[in-house]
Amino acid sequence: QRSICDQINSEHTDFVNQLNENELLMRLFMDQGARGEARDVLSLLRALTPTSLLETRLLAKSMFENTIFLASFNYDAALIASAVQMLPETLDMYETPRRILYLYTLSLLSFYTEEYETARGLIYQIETHGRKSTQFLEWQISTLRLLTHIELGENDLVESLLRSTSRVIGKHALEFPKVMY
């Protein structure tokens, strides 16, 4: 008599193999700089048809991770926006440190593509996890928050954010140049 785990594994083996094969192709194409082919693999992932909740979650996670992966290589605004739209359905699949890392990555990518409102919203989502959870990226998040508010022209916040960012960076024993107004 087969165990439940064996039954589940055998039911999902084909789907998981297809998922793994496409993810491997994506990585190979990206390593070779073949971004067009990597984007085609993303389309192949989209075409997979999950038949269970588990497969649906695996596909959503794979799509999210591979979209971020591809977007980070060429700062593709459409892919970044697509990954941001996937956040609500995928973020709860990750432990807090990885959630924060993905939020930070997307906020940084949004900033690079001049989507400052999106970047600010993602930074605020990071901050809802609390200081202890975000400690490993504290100075980067603080600096990005400052830069985002500068780009948005929110000058009334800049002075206090500059002081706050200086404290955070100083706490992490990094040199921070004095900024003159």
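Preceding this section is the structure that the text describes.
The sections below set out a description of the structure shown in this document. (Residues numbered from 1 in each chain as written. Predicted model: local features only at pLDDT ≥ 70, side-chain atom pairs only at ≥ 80, totals over all residues. Heavy atoms only, no water.)

## A word on the pattern of salt bridges
Working step 1: Considering all chains together, one arrives at 5 salt bridges under this definition.
Working step 2: The salt bridge involving Glu 159 is made with Arg 163; its shortest N-O contact spans 3.1 Å. One end of the pair, Glu 159, and the other, Arg 163, are both in helix α9 (residues 155–171), 4 residues apart, so they sit about a helical turn from each other.
Working step 3: Overall, the relative accessible area of 45% leaves Arg 163 in the partly exposed class.
Working step 4: Members of the salt-bridge network, linked through shared partners, are Glu 117, Arg 120 and Glu 154. (Salt bridge = Lys/Arg side-chain N within 4 Å of Asp/Glu carboxyl O. Helix = DSSP H or I, 4+ residues; strand = E, 2+ residues; numbered from the N terminus. Buried < 20%, exposed > 50% of the residue type's maximum accessible area, 1.4 Å probe, protein only.)

## Some details on the environment of Ser 72
Working step 1: Mapped onto the elements, Ser 72 comes out in helix α3 (residues 53–74).
Working step 2: Sequence spacing of Ser 72 and Leu 109 is 37 residues, and the spatial spacing of their C-alpha atoms is 6.9 Å.

## Looking at α9
Working step 1: Along its 17 residues, α9 runs 25 Å from first to last C-alpha, staying within 8% of the 24 Å computed at 1.5 Å per residue.
Working step 2: A maximum bend of about 25° is found in α9 at Leu 161.
Working step 3: Of the positions making up α9, those classed as buried are Val 158, Leu 161, Leu 162, Thr 165, Val 168 and Ile 169.
Working step 4: Lining the buried residues of α9 we find α8 (138–151). (Expected span 1.5 Å × (residues − 1). Bend = angle between axes of the 7 residues up to and from the residue. Contact = heavy atoms within 4.5 Å.)

## Some points on unusual backbone geometry
Working step 1: Here Tyr 75, not a glycine, exhibits a phi torsion of approximately 50°, which is positive.
Working step 2: Examined against the element boundaries, Tyr 75 turns out to sit in the loop between α3 and α4 (77–90).
Working step 3: Of the residues examined, Tyr 75 reaches a relative accessible area of 43% and is grouped as partly exposed.

## Regarding the environment of Arg 99
Working step 1: As for its placement among the helices and strands, Arg 99 is situated in helix α5 (residues 96–112).
Working step 2: Along the backbone, Arg 99 and Leu 87 are 12 residues apart, and their C-alpha atoms lie at a distance of 9.5 Å.
Working step 3: Separated by 2.8 Å, the side chain of Arg 99 and the backbone oxygen of Tyr 94 make a polar contact. (Polar contact = N/O pair within 3.5 Å; in protein donor to acceptor, adjacent residues only side chain to side chain.)

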